[in-house]
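# Remarks on the overall topology
One-letter residues, chain by chain:
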Amino acid sequence: MVLRNGTLALFELDDAADDLPGGVRRWPVHWDDLLVYGTESGSDHPCDDYRLGLSGAGRQAVQHAVPLDTKISLCGESVYPLPVCGWSMPFSPTADRACPECVHRAELP
């Protein structure tokens, strides 16, 4: 479903409500955050160990890889996370606005 004159999308997760953060099945997400390249799950990619943190604002925000329990990205930038009911979105190295330095450092062994 499209919300707020096309600025947000409302999507529904497939898992049972008991398995979801806060038991919430439907989430509003900004269109710019919906860049999805595939639906495969269970990746063993090193970047999967980091959550998403942002620097900047609006369409100029940069996406950073952030270790758990910190507000400093791998590149040293001070960032703000997107927590939702104790759950944070994972960092995606393929996002258009992903920080190149964070991508590089997250992929190091």
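In what follows, the structure referred to is the one given above.
Residues numbered from 1 in each chain as written. Predicted model: local features only at pLDDT ≥ 70, side-chain atom pairs only at ≥ 80, totals over all residues. Heavy atoms only, no water.

Moving on: the pattern of salt bridges. A side chain of one charge can pair with a side chain of the opposite charge if their charged atoms are brought near each other. Enumeration over the complete set of coordinates arrives at 1 salt bridge. Across the pair Glu 101 and Arg 105 runs a salt bridge, and its minimum N-O distance is 2.5 Å. Taken together, the residues Glu 101 and Arg 105, both in helix H1 (residues 100-107) and 4 residues apart, mark about one turn of the helix. (Salt bridge = Lys/Arg side-chain N within 4 Å of Asp/Glu carboxyl O. Helix = DSSP H or I, 4+ residues; strand = E, 2+ residues; numbered from the N terminus.)

Attention shifts here to the state of the cysteines. Tallied over the full model, the rule gives 0 disulfides. Looking at Cys 75, it has no disulfide partner, and the nearest cysteine sulfur is the one in Cys 102, 3.8 Å off. Cysteine Cys 99 is unpaired, with the sulfur of Cys 102 as its nearest cysteine sulfur at 3.8 Å. (Disulfide = S-S within 2.5 Å.)

Moving on: the pairing of strand E3 (residues 26-30). Each regular strand shows side chains that alternate between the opposite faces of the sheet. Of the two faces of E3, only the one carrying Trp 27 and Val 29 is buried; Arg 26, Pro 28 and His 30 on the other face are not. By the bridge criterion, 5 bridges tie strand E2 (residues 8-12) to E3 in an arrangement that is antiparallel. The residue bridging Glu 12 from the neighbouring strand is Arg 26, located in E3. (Buried < 20%, exposed > 50% of the residue type's maximum accessible area, 1.4 Å probe, protein only. Pairing = 2+ DSSP bridges.)

In short, shape yes, function no, at least from these values alone.
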